[in-house]
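# Tertiary structure, described
Okay, here's what each chain looks like letter by letter:
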Amino acid sequence: MSGSYGFSTGAALATVAALGAAAWAASGWQSGVRRARSLFAGGGAPETGPPAVRRIRDGLRRLRSGPRAEWWSLAAGLLLAVLGASVLPAVAGAAGVPVLRRVRLARRDRRNRDARQDAVIALCGALAGEVRAGRQPGEALLYAARDSAGLGEARTGVLAAARFGGDVPGALAVAARQPGADGLRGLAACWRVAVDQGAGLAAGLDRLEGALRAERDGRGDLRAQLAGARATAVMLAGLPALGLLLGVALGADPLHVLLHTGAGLGCLLAGGVLEGLGLWWVARIVRGAEAET
């Protein structure tokens, strides 16, 4: 028992020392990053310079932003590996890195999709206002799309078609291929009807804007209703970690049981499989419900 206690104490001291060294190195590295940024960027100078300097500046900016959230999985695995004197937590933490990265990228894609949807709605409203103000459709589109940065790079093609008399509906259809920009297909249809048949463009844009707003609001309401299910799933997923903490508080050694005994390894494997299946099933249900809107 005393040997086990001494090992646990030594492991804890080694972990604290490692974390302190990492924090000291991070602070020194951040100060070095700030000095390098001031050297290359000129203390707030505009984003100009040779391509090599811009690449170095972008790399320093990414380093300063800190590690991605998924790398905390590896850090937690290494910590548990030190405390439990086993390599299994480190392997599990490394395996969780690509999974968490996929989750982070999916959230980023959803935010970009929502931003494009908002940009399309704003474009329809601004274009309708410009047309009512007496501008021609091409000129009105130039003014309305000037502030629609959320459409991404496809906005360049739309602006070029409007400025030089190109195929505006075709450019809108190309831009509509981006996730979240499906409403541009309706804008292209309104444009064709207005140009070919002389129908009122502003009236069609008003109806399109209303339909897109209603769709966005409905999706937002559904996400708000599903937020409770997500929170419940996350809470249930964290219960095993709470159980381990309770075991430690009661004076037991749950990490030793789970990582160094046959029954513990079997329970750990079965629990991990069931945990993963539960999270996957909840995520599948949520995605299916969101896909129906």
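Note that the structure is a prediction, hence the values are computed from the model and not measured. (Residues numbered from 1 in each chain as written. Predicted model: local features only at pLDDT ≥ 70, side-chain atom pairs only at ≥ 80, totals over all residues. Heavy atoms only, no water.)

### Here's the deal with the environment of G180
Basically, it comes down to this: Helical segments are the DSSP runs of H or I of at least four residues, strand segments are the runs of E of at least two, and each set is numbered from the N terminus. Residue contacts follow a heavy-atom distance rule, with two residues in contact if any of their heavy atoms lie within 4.5 Å.
Following the sequence through the fold, G180 ends up in the loop between α7 (168-175) and α8 (183-197). Sequence-wise, G180 and D109 are 71 residues apart; in three dimensions their C-alpha atoms are separated by 9.7 Å. Beyond its immediate sequence surroundings of up to four residues, G180 is in contact with R113, R116, Q117 and V120.

### Considering a positive patch on the surface
As a reminder of what qualifies: Only residues above 30% relative accessible area that lack a salt bridge enter a patch, with like-charged residues linked at up to 9 Å and the nonpolar side chains Val, Leu, Ile, Met, Phe, Trp and Tyr linked at up to 5 Å. Each accessible area value is a Shrake-Rupley result obtained with a 1.4 Å probe; residue values ignore everything except the protein chains displayed when judging cover. Only one rule defines a salt bridge in this text: a Lys or Arg side-chain nitrogen within 4 Å of an Asp or Glu carboxyl oxygen. Under the convention used here, Asp and Glu are negative, Lys and Arg are positive, and both His and the chain ends fall outside the count. Taken as the charge location is NZ of Lys, CZ of Arg, CG of Asp or CD of Glu. Under the scheme applied here, a residue whose accessible area is under 20% of the maximum for its type counts as buried, over 50% as exposed, and between as partly exposed, the area being computed with a 1.4 Å probe on protein chains only.
A contiguous patch of positive charge, built from R68, R107, R108 and R111, is present on the exposed surface. Secondary-structure assignment places R68 in the loop between α2 (51-64) and α3 (71-84). Note on R68: relative accessible area 44%, which makes it partly exposed.

### Observations regarding the pattern of salt bridges
A complete count under the given rule lists 11 salt bridges for this structure. Residue E70 pairs with R104 through a salt bridge whose shortest N-O separation is 2.9 Å. Here R104 lies in helix α4 (residues 88-132) and E70 lies in the loop between α2 and α3, a separation of 34 residues in the sequence. For E70, a relative accessible area of 1% corresponds to the buried category. A salt bridge links D217 to R216; its shortest N-O distance comes to 3.8 Å. The exposure class of D217 is partly exposed, given its relative accessible area of 41%. Here R216 falls in the partly exposed class, since its relative accessible area comes to 25%. Each of the salt bridges in this network shares a partner with another, and the network as a whole consists of E70, R101 and R104.

### Quick look at a nonpolar patch on the surface
Nonpolar side chains collect at one region of the surface, where L269, V273, L274, L277, W280, W281 and I285 lie side by side and expose about 780 Å² of accessible area between them. The residue L269 is located in helix α12 (residues 262-291) in this model. Exposure remark for L269: the relative accessible area of 61% places this residue in the exposed category.

### Some remarks on α12
Using the following cut-off: How far a helix is expected to stretch is found by multiplying one less than its residue total by 1.5 Å. Distance and chemistry together define a polar contact, namely a pair of N or O atoms within 3.5 Å, with one atom able to donate a hydrogen and the other to accept it when in protein, and with adjacent residues in sequence counting only for side-chain atoms on both sides.
Helix length check: α12, at 30 residues, gives a terminal C-alpha distance of 43 Å against a target of 44 Å (1.5 Å per residue), a fit within 8%. Its side-chain oxygen 3.2 Å from the backbone nitrogen of G264, T261 forms the N-cap of α12.

### Structural notes on the confidence of the model for the protein
Low pLDDT means the predicted coordinates in that region are not meant to be read closely. We apply this condition: One confidence number per residue, pLDDT, is output by the predictor and ranges from 0 to 100.
Residues with a pLDDT of 70 or more make up 73% of the protein, whose mean pLDDT is 76. Predicted confidence for residues 1-48 stays below pLDDT 50, and this span has 29 contacts to residues more than four positions away or in other chains.

### A short note on the state of the cysteines
As a reminder of what qualifies: Two cysteine sulfurs form a disulfide in these notes if their separation is within 2.5 Å.
The tally for this structure, following the rule as stated, stands at zero disulfides. For the unlinked cysteine C124, the closest cysteine sulfur is that of C190, found at 7.5 Å. Judged by relative accessible area, C124 falls into the buried class, the value being 0%.

### Considerations on the packing of α4 against helix α5 (residues 137-145)
When two helices pack together, their arrangement is given by the angle between the helix axes and the distance between those axes. Using the following cut-off: Comment: axis = line fitted to C-alpha atoms, over the contacting stretch for helices; angle = value between 0 and 180 degrees taken between N-to-C directions. When an angle is under 35 degrees it counts as roughly parallel; over 145 it counts as roughly antiparallel; between 65 and 115 it counts as roughly perpendicular; any other value is oblique. With the far helix as reference, a near helix turned anticlockwise by less than a right angle produces a left-handed crossing, and one turned clockwise produces a right-handed crossing. Residue classes follow a fixed rule: Ala, Val, Leu, Ile, Met, Phe, Trp, Tyr, Cys and Pro count as nonpolar, while Asp, Glu, Lys and Arg count as charged, and any other residue, Gly among them, counts as polar.
For the pair α4 and α5, interaxial distance at closest approach is 8 Å and the crossing angle is 135°. Here α4 lies oblique to α5, going by the angle between them. Pair α4 / α5 crosses with right-handed handedness. Taking contact as the criterion, the partners of L123, A126, L127, E130 and V131 in α4 are, on α5, P137, A140, L141, Y143, A144 and A145. When its residues are assigned to classes, the contact of α4 with α5 shows 10 nonpolar, no polar and one charged.

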